[in-house]
Structure formats: structure tokens, C-alpha cells
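Reading the structure
So the chains spell out like this:
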Amino acid sequence: MTKILLLGANGQVGWELHRCLMTIGEVIPTTRKEIDLANDQNIVDAISAIRPDLLINAAAYTAVEKAEDEPELANQVNGYALEAISQCAKKYHFPLIHYSTDYVFDGTKGEPYTEKDTPNPINAYGRSKLLGEQILQVSGVPYLIFRTSWIYGMRGKNFLLTMLKLAQECTEIKVVNDQYGIPTWSRFVAQVTADVLVRGIDDLNNYFESHAGVYHLTPSGATTWYEFAKAIFAVARHNLIQVLPISSDEYPTKAKRPKFSVLKPNFQKLYSGGDCLDWLAVVKLVIEA
Ligand SMILES: NC(=O)c1ccc[n+]([C@@H]2O[C@H](COP(=O)([O-])OP(=O)(O)OC[C@H]3O[C@@H](n4cnc5c(N)ncnc54)[C@H](OP(=O)(O)O)[C@@H]3O)[C@@H](O)[C@H]2O)c1
């Protein structure tokens, strides 16, 4: 059975991946306790002991605000750790799946970003994620990078759960209405990853070599945080809470956010049978389930 080493198994995407991959191979779920991406020696020792057939890296430093204060740690976890992982991948001949973000873009394009657009991150988190992409791309290891955006789900720390909590506590909230992106369900990312893997599982190295690249993995459409909040309250039937639109200037943050980081999904290149649902249809699925 294919031995799949999963990093970040307690994260939003990692937790869903663990469940989606169980039927595909022998999943070895790990958290920071077993493999700390801040520690290169720990990475090398742990991977050398496991010697997987495939490594899926769903671990990341995802605290966008905090990354402004500790960019070195963000760069290590999201960037340089990929160097250590890639060295192991080369030594033991296994391919990699890695996740990245819409925040590698500056948000000035004004239309959806394709995988061919040049990244230009405007915050420390985005720069650290781009570093990871670049290290992997020159490593010589067969890889798939899935860029995704605005991840939410029914566990972890995310916008949807924050809104549902606020609906219990507040009668009015203000939400930014001038940043555009695509809300993406964590399970959608995991399910597409699993569906892609099924297609390559019989000859992983060959499959990854012939499909290596960056893929945008989101539903279709686009929205703002304000419209996303309104959709959540409407679907969850929280009719009493008032949502007021504000500008980013009215909600100052340490980390700059791109104004328009909408990704153009292209994961269907790997996934011929798959539909790309609209983001709102997915939100309905998640809340009504
Ligand atoms: N969240 C989003 O909105 C978003 C948007 C675009 C792209 N992405 C990308 O999608 C992927 C999955 O994100 P997610 O939302 O599932 O993230 P998440 O819920 O924040 O999970 C990340 C996991 O990484 C672990 N981690 C952090 N530092 C680590 C370290 N030094 N060593 C090992 N593990 C460490 C965390 O463990 P602890 O809980 O112990 O910290 C956590 O379990 C990431 O590559 C992320 O950059 C996320």
C-alpha cells in the first residue's frame, strides 16, 4: 500500500486530507509534535525514518498578522523547510504535494490570476509562501503545488466559524467590502487532492513528473468578506444580525491584504471529471449539511 506522509494533520486542510486519503493509501498523519518545520534536522530525521512513497505538506505558518512580527519563522516554516523536505524527497525518490496561497499576488491585476501570472506578495506571509513555492520549483523533485484561498470549514480558525460565533453575540458587525477573493471549503481542497491522487497512484513518480506544476484550486466565482458574511448569515438563517460594509482603511491591519486576489481555477486540468462549483453553492452545502 502507498505510504503517504501527511504534514499538518491537525490543520483545516490536513484534517480533511487525513479522512479523504484513507482509502487511497496508508496515511501517516503528523503534527508539529512529530515533525516541526521550524527544525530542519527534525524534518530530515523524521522523514528518513518513515521513508514515504509520497509526502503531502498541509502544514504552514498561517498567522498572516503575526508573520509581520516574526518573518524569519514564517520564512523557515513556509519556505526553507521545503529545502529540507526536497532533499529527503530526492534521496528517497518520492514526490510532493504542497499548498500555497492567493496572497502570493499583489491584488492589482483586476481580473482572476492564472498560474502564469507573476507573484508579487505584499505581506510577510505571502512572501514566505512564495519562497516555499520557489524552493520546490527548482528542487528537481516531482511536485504539485495547489494554490488556494480563504479556507473555511467546520473546524479550526476561520471566517465562517467566526461569523457564526458573532451571530450569537452581536446584533451588528462591520465587515470589509473592498477585498475580493474566493472562499474555499477545506474538504473541497482535500477531496480534489484525493481525486487527483487516485489518477496517479499506480505510478506516482511518473504521474507527478508529467503533471508537475502550479494549480489553482478554488471553487468558481468571487466575493468580498462582506458578501461572504451576508451569505453565511442568510444560509444559516441568522436574520437578526446587521452587517455593515466598511473599507479596508476603516479596518487597519498590520499585514497589507491584496484587494483582488481571485484565482482562476485550473485544477480541472488534473481532474477531468470534476465540476467547479460556485463558492456560494459550496457554502450552502457546508452549512446545510
Ligand atoms: N487558511 C487559509 O485561509 C489559507 C488560504 C490560502 C492558502 N492556505 C494554505 O493552505 C494550506 C493549509 O492551510 P490551513 O488553513 O489548513 O492551515 P491551518 O488550519 O492553520 O493548519 C496549519 C497546520 O500547520 C501546523 N504548523 C504550523 N507551524 C508548524 C510547524 N512549525 N511545524 C509543523 N506544523 C506546523 C499547525 O499546527 P499548530 O496548530 O500546532 O500551529 C496547523 O495544524 C497551507 O499551506 C496554507 O498556507 C490557507
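Residues numbered from 1 in each chain as written. Predicted model: local features only at pLDDT ≥ 70, side-chain atom pairs only at ≥ 80, totals over all residues. Heavy atoms only, no water.

With respect to the packing of aromatic side chains
A ring pair, where both rings are aromatic, is described by two values, the distance of the centres and the angle of the planes. All chains considered together, the criterion is met by 13 aromatic pairs. Measuring from centroid to centroid gives 5.8 Å for Phe 188 and Phe 267, while their planes differ by 85 degrees, and the two rings are edge-to-face. Remark: Phe 267 occurs in the loop between strand S12 (242-246) and helix H9 (279-288) and Phe 188 occurs in helix H6 (residues 186-200); sequence separation between them is 79 residues. A residue is classified by how much of its surface remains accessible, and Phe 188, at 11% relative accessible area, is buried. One aromatic cluster is present, formed by Trp 150, Tyr 152, Phe 159, Trp 225, Phe 228 and Trp 279 through successive ring pairs. For the cation-ring pair, Arg 19 lies above Trp 15, with the distance from its terminal atom to the ring centre recorded as 3.8 Å. (Phe/Tyr/Trp six-rings, centres within 6.5 Å; stacked < 30°, edge-to-face > 60°. Helix = DSSP H or I, 4+ residues; strand = E, 2+ residues; numbered from the N terminus. Buried < 20%, exposed > 50% of the residue type's maximum accessible area, 1.4 Å probe, protein only. Lys NZ or Arg CZ within 6 Å of the ring centre and 35° of its normal.)

Things to note about the sheet that holds strand S3 (residues 54-57)
Read from one edge of the open sheet, 6 strands run S2-S1-S3-S4-S5-S10, paired in parallel fashion. The open sheet has two edge strands, strand S2 (26-30) and strand S10 (213-216), and neither has a second partner. The average angle at which neighbouring strand axes cross in this sheet is 20 degrees, direction not considered. Relative to the sheet, helix H1 (residues 12-21) contacts strand S1 (3-7), S2, S3 and strand S4 (96-101), its axis offset from that of S1 by approximately 165 degrees. Against the sheet, helix H7 (residues 204-211) touches S3, S4, strand S5 (143-148) and S10, its axis set at about 60 degrees to S5. (Pairing = 2+ DSSP bridges. Axes fitted to C-alpha atoms, helices over the stretch in contact; angles between N-to-C directions. Contact = heavy atoms within 4.5 Å.)

Describing the site of the ligand
Among the 23 residues in the neighbourhood of the ligand, the closest are listed as Val 13, Arg 32, Thr 62, Tyr 125 and Lys 129. Within the backbone of Leu 37, an N or O atom sits 2.9 Å from a nitrogen atom of the ligand. One of the backbone N or O atoms of Ile 151 is found 3.0 Å from an oxygen atom in the ligand. Across the complex, the protein chains shield 80% of the 900 Å² of accessible surface that the ligand would expose by itself. Elements supplying a minimum of two residues to the shell around the ligand: H1, S4 and helix H4 (124-137). At 3 residues, the largest contribution of residues to the shell around the ligand is made by S4. Taken together, the residues of the shell around the ligand sort by class into 12 nonpolar, 8 polar and 3 charged. (Near = heavy atom within 4 Å. Polar contact = N/O pair within 3.5 Å; in protein donor to acceptor, adjacent residues only side chain to side chain. Areas by Shrake-Rupley, 256 points an atom, 1.4 Å probe, with all protein chains shown as cover. Nonpolar A, V, L, I, M, F, W, Y, C, P; charged D, E, K, R; others polar.)

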